[in-house]
Amino acid sequence: MGVPAAGGSCSAVVATTTAAVFLLLLLLCGCGAPAAMAAPGGGGGGEQQYDGGARYKDPRQPLNRRIEDLLARMTLAEKIGQMSQIERENATADVVRGYFVGSVLSGGGSVPAPQAPAEAWVEMVNEMQRAAMSTRLGIPMLYGIDAVHGHGNVYKATVFPHNVGLGCTRDPELVKKIGAATALEVRATGIPYVFAPCVAVCRDPRWGRCYESYSEDPRVVQQMTSSIIPGLQGEIPANGRRGAPFVAGQRNVAACSKHYVGDGGTTRGINENNTAASFHELLGVHMPPYYSAVIQGVSTVMVSFSSWNRVKMHANHFLVTDFLKNRLRFRGFVISDWRGLDKMTSPEHDDYITSVKLGILAGIDMVMIPYTYTEFVDDLTALVRNGTIPTSRIDDAVRRILRVKFTMGLFEDPYGDPSLAGELGKPEHRELAREAVRRSLVLLKNGKPGQKPLLPLPKKAGRILVAGSHADNLGYQCGGWTITWQGLGGNNLTAGTTILNGIKRAVQDHGTEVVYSESPDAGFVQRNKGRFDYAVVVVGEPPYAESFGDNLNLTIPEPGPSVIRVVCGGGIRCAVVLVSGRPLAVEPYVGAVDALVAAWLPGTEGEGVSDVLFGDYGFTGKLARTWFRSVEQLPMNVGDARYDPLFPFGFGLGLETQPSTA
Ligand SMILES: *[C@@H]1O[C@H](CO)[C@@H](O)[C@H](O)[C@H]1NC(C)=O
Ligand SMILES: *[C@@H]1O[C@H](CO)[C@@H](O)[C@H](O)[C@H]1NC(C)=O
Ligand SMILES: *[C@@H]1O[C@H](CO)[C@@H](O)[C@H](O)[C@H]1NC(C)=O
Ligand SMILES: *[C@@H]1O[C@H](CO)[C@@H](O)[C@H](O)[C@H]1NC(C)=O
Ligand SMILES: *[C@@H]1O[C@H](CO)[C@@H](O)[C@H](O)[C@H]1NC(C)=O
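Cut-offs applied
Residues numbered from 1 in each chain as written. Chains lettered and ligands numbered in written order. Predicted model: local features only at pLDDT ≥ 70, side-chain atom pairs only at ≥ 80, totals over all residues. Heavy atoms only, no water. Disulfide = S-S within 2.5 Å. Buried < 20%, exposed > 50% of the residue type's maximum accessible area, 1.4 Å probe, protein only. UniProt positions renumbered as here; feature names shortened; annotations may be inferred. Helix = DSSP H or I, 4+ residues; strand = E, 2+ residues; numbered from the N terminus. Domains from an automatic or database assignment. Buried area = accessible area lost by both parts, 1.4 Å probe. Salt bridge = Lys/Arg side-chain N within 4 Å of Asp/Glu carboxyl O. Pairing = 2+ DSSP bridges. Axes fitted to C-alpha atoms, helices over the stretch in contact; angles between N-to-C directions. Contact = heavy atoms within 4.5 Å. Near = heavy atom within 4 Å. Polar contact = N/O pair within 3.5 Å; in protein donor to acceptor, adjacent residues only side chain to side chain. Areas by Shrake-Rupley, 256 points an atom, 1.4 Å probe, with all protein chains shown as cover. Nonpolar A, V, L, I, M, F, W, Y, C, P; charged D, E, K, R; others polar.

Enquirer: Could you give an account of the state of the cysteines, with specific residues and numbers?
Expert: Under the criterion given, the structure shown has 2 disulfides. Each sulfur of the disulfide joining Cys202 and Cys210 lies 2.1 Å from the other. Taking the sign of the S-S torsion, about -105° here, the bridge from Cys202 to Cys210 comes out left-handed. Since its relative accessible area comes to 0%, Cys202 is described here as buried. Between the sulfur of Cys568 and that of Cys574 lies a disulfide, 2.1 Å long from S to S. With the S-S dihedral at roughly 110°, the linkage between Cys568 and Cys574 falls on the right-handed side. The same class applies to Cys568 and to Cys574, which are both buried.

In C-alpha cells:
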C-alpha cells in the first residue's frame with residue numbers, strides 16, 4: 001500500500017535555539033526525537049516564530065493560541081489525518097506516520113492478543129503513539145475504545161452492570177464512581193478515550209441496544225449522564241468553565257456521549273432505523289441527555305446511525321451543526337459511528353464520496369472510518385481541493401480535535417503509563433461493581449397470596465436447588481460488549497464470579513448443600529421435590545449487541561420457560577432471577593413463581609445477586625423501564641395516555657413489603 005509523503009508547506013520550528021530551550025522542548029515534546037522538530041527547508045507559511053520554538057508545544061500558552069499556532073502549520077494532508085480514525089488492525093507505524101493518523105480505535109473485541117495483559121495494551125498504544133510523535137509536527141494520536149460497562153473488551157477488567165441496571169439504582173453518585181473506576185482501568189491499558197456513555201433514551205425494549213440505555217425516562221438518563229461524565233473525565237472545578245471539553249488528568253479519560261440523537265426512538269425498536277418525531281418531541285425525549293453532557297464538558301459526541309424523520313443523522317446539518325454546535329455551543333468534536341458514512345447509503349458504501357461530502361458538511365469532525373482509510377483520505381482530499389468542502393469546515397473540525405487533545409493533556413503526556421497496570425480489575429473496583437449489582441436488582445414479586453414471602457432466602461437449609469441456563473454462566477451475565485462485540489457464553493472468557501458461585505459462597509458456612517442442575521427434568525424434580533428447601537432458577541437472554549439483539553417477541557428463550565415450569569410448577573418453592581437486557585414477557589409465568597427478581601446484565605460480580613437474595617442487603621432497585629404485559633402494547637412508556645403495564649415505571653418491592661397479589 002502506498003503511503004503518501006508529508007506534502008505542502010513545511011513549518012520552520014527550530015531554526016536557532018539555545019541548548020536550554022532545546023532541552024525544554026524535548027521534555028515538553030516527550031518524544032526525544034530531535035528530528036521531529038527539525039524542519040528542513042524551513043521558512044514556510046509565514047507563521048510567527050515563538051522564541052525559536054513552536055508555540056503550540058508550550059503548555060503555558062493559552063489554549064486558543066496553541067490551537068491556532070498548530071493549525072497554521074498544518075498541511076491539508078495533516079488536517080485530514082487528524083479527522084481520520086482507523087482500526088487498530090490497520091494502524092501500523094508506517095500508516096500512522098504516513099497518513100498523520102489522528103485517532104485509532106479498537107472495535108468490539110479488537111485486542112492486541114487474546115487475553116492480552118494490560119502491559120501488552122500499553123505497549124501497543126505507545127508504539128502507535130511513537131509513530132504519531134515522530135511525524136513532522138508531532139501531534140499525538142488519540143486511542144479510543146468502547147468501555148460501556150467497564151473496560152469490557154479487556155481480559156480481567158471489572159465488568160460493571162450494563163446501563164439498564166444502573167438506571168434502576170437511581171444512584172448518580174454510585175454511577176460517578178463507576179465512571180472513575182472505568183477511567184482508571186482504561187488508563188491502565190494506555191488508552192485515554194472511551195466511546196461512552198451511551199445516553200440513549202430507549203423507548204422500545206425491542207431495540208437490541210436497550211440495555212445500553214439507563215432508562216426510558218429522559219430525566220433518569222440526564223441524572224446518570226451528569227454523573228458518569230464527571231466520573232470518567234473528572235470533576236470540573238467549582239471555578240471552572242462549564243460547557244468546554246474537560247479532562248482532569250492522566251487518571252481520567254475523554255468521554256463520548258452517544259448516539260446523537262434519537263437512537264432509542266426508532267420504529268419498533270429496529271436498530272439504526274427511523275425515529276419519527278416532531279422537533280419538540282425530539283427535544284423533550286431524546287435531547288435532554290445532551291444538554292447535561294455538554295454542560296459537564298463532554299469531550300466528544302458520536303452521531304447516531306439512525307435517521308430522524310427519514311434524514312440520516314450522519315447527514316443532518318441542522319441537528320449536528322446548527323443545534324449541537326451552534327445552539328448548545330458544544331466545543332468538543334463530533335465523531336461518526338463505525339462505518340457511519342458507509343451506512344448512509346443502501347447498499348452500504350454505495351456512493352462513498354457523496355457520503356463523505358454529506359457527513360463532513362453536516363458537521364462531523366472525526367470519521368470512524370475504520371478500515372477504508374485510503375479511500376476516505378482520497379475522497380475528502382478531492383472534495384476539499386475542488387472546493388466542494390470549504391477549508392473553513394476542515395479547520396473547524398481540526399480545531400475541535402486539537403482542542404480536545406490539548407485540554408486533555410495529550411501533548412504533554414502522550415504515552416500510556418505502565419505503572420497503572422494494577423488498576424485493571426483491582427479488588428476495590430470489583431467491590432464497587434458488586435455494590436452496583438446489589439443496587440440494580442429489582443424485586444418484582446415476593447410470595448404467593450396467602451403465603452409467607454420467599455425472600456430473603458435462609459442461608460441455613462438442608463439442600464437447595466440452583467437451576468437455569470444463566471446460573472453458572474459468566475458470559476451470559478455480562479452480556480454483549482464483553483471480550484467480544486456480541487459477548488460470549490461460558491465461564492472462561494474473563495475473571496469473575498457466577499451467580500451460582502455467589503450462592504455457594506453465601507451458604508458455605510451454614511452446612512447447606514447446593515445442588516446445581518442447569519436443566520433438571522420433570523422426573524428428577526418430582527422424585528426430589530420434598531428434599532429441597534427451595535430453588536433458585538436463573539434464566540434469561542443470551543448475549544447480543546446492536547441489531548443482533550433486535551427482537552419483536554421478547555419471550556424468555558428456551559429452555560428458560562421449561563425450567564421455570566419444571567421447577568416452580570413442580571412443587572419446589574422458587575425464586576426466579578431474570579438475567580436480561582430488558583423486560584421480557586413474564587406474565588405467563590409470574591403466577592407460578594414465588595419470587596421474581598430482575599437482575600438485568602450484572603457483569604462479573606455475581607455475588608452482588610446472592611448478597612441480596614440472602615438478605616445481607618435489602619432490595620432497593622426501582623424499575624427505570626416500564627414492564628409491559630405483552631409486546632402488543634409496545635411502545636409503552638411512563639407518562640403515556642394508554643398505560644397498563646405489568647409493573648409500572650418506578651416499581652420495586654423491598655423485603656419488608658407484604659406479598660403481592662400477582
Ligand atoms: C485494514 O484491516 C482490515 C482488517 O485486517 C483489512 O481487511 C483491510 O484491508 C485493511 N485496510 C487497508 C486499507 O489496508
Ligand atoms: C427501517 O427498517 C425497514 C425494515 O427493515 C427498512 O426497509 C428501512 O429502510 C429502514 N429505514 C431506515 C431509515 O433505516
Ligand atoms: C468535486 O469533486 C466531486 C467528486 O469527484 C464531484 O462530485 C464534484 O462535482 C466536484 N465539484 C466541483 C465543483 O468540481
Ligand atoms: C473457553 O472455552 C471454549 C469452549 O469450551 C473454548 O472454545 C475456548 O477455547 C476457551 N477459551 C480459553 C481462552 O480457554
Ligand atoms: C423471538 O425473536 C428472536 C429474535 O428475532 C428469535 O430468535 C426467536 O426465535 C423468537 N422467538 C419466538 C418464540 O418466536
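Continuing now.
Enquirer: Give a detailed account of the UniProt feature "domain: Glycoside hydrolase family 3 N-terminal" (unreviewed entry) in the protein chain, specifying residues and quantitative values.
Expert: Those places that UniProt annotates as "domain: Glycoside hydrolase family 3 N-terminal" (unreviewed entry) correspond, in this numbering, to residues 75-404. When the span residues 75-404 is considered, its composition is 40% helix and 10% strand, and the gap between its end C-alpha atoms is 20 Å.

Enquirer: An account of the domain arrangement of the protein chain is needed here, citing residue identities and associated values.
Expert: Taken domain by domain, the protein chain consists of domain 1 (10-423) and domain 2 (441-633). Computed over C-alpha atoms only, the centres of domain 1 and domain 2 are separated by 38 Å. A combined buried area of about 2900 Å² lies between domain 1 and domain 2, and 53% of that area is made up of carbon and sulfur atoms. Of all residues in domain 1, Cys168, Arg206 and Tyr211 give up the largest surface area on contact with domain 2, accounting jointly for 21% of the area buried on that side. Residue Glu546 pairs with Arg209 through a salt bridge whose shortest N-O separation is 3.5 Å.

Enquirer: Talk me through the pattern of salt bridges; I want residue IDs and the actual numbers.
Expert: All chains considered together, the criterion is met by 39 salt bridges. Measuring nitrogen to oxygen at the nearest pair gives 3.0 Å for the salt bridge that ties Lys258 to Asp146. With a gap of 112 residues between them, Lys258 in strand E5 (residues 256-260) and Asp146 in the loop between strand E3 (142-145) and helix H6 (163-169) connect regions that are remote in the sequence. A relative accessible area of 10% places Asp146 in the buried class. Within this structure, Lys325, Asp365, Arg393, Asp396 and Arg400 form a network of salt bridges that share partners.

Enquirer: Talk me through the sheet that holds E5; I want residue IDs and the actual numbers.
Expert: Read from one edge to the other, the open sheet built from 3 strands follows the order E5-E7-E10, with strand pairing classed as parallel. For this open sheet the edge positions go to E5 and strand E10 (333-335), each flanked by a neighbour on one side alone. Across the sheet, the axes of successive neighbouring strands diverge by a mean angle of 25°, strand direction being ignored. In this sheet, strand E7 (residues 300-303) lies alongside E5 in parallel orientation, the contact comprising 4 bridges. Bridge pairing in E7 links Lys258 to Met302. Against the sheet, helix H11 (residues 317-327) engages E5, E7 and E10, with an angle of about 140° to E5.

Enquirer: Please set out the site of ligand 1 residue by residue, giving values where relevant.
Expert: Every residue near ligand 1 is listed here: Glu89, Asn90, Tyr371 and Tyr373. Asn90 is positioned such that a nitrogen or oxygen atom in its side chain is 2.4 Å from an oxygen atom of ligand 1. Contact with the protein chains covers 52% of the free accessible surface of ligand 1, which is 360 Å². Its residues assigned to classes, the shell around ligand 1 comprises 2 nonpolar, 1 polar and 1 charged.

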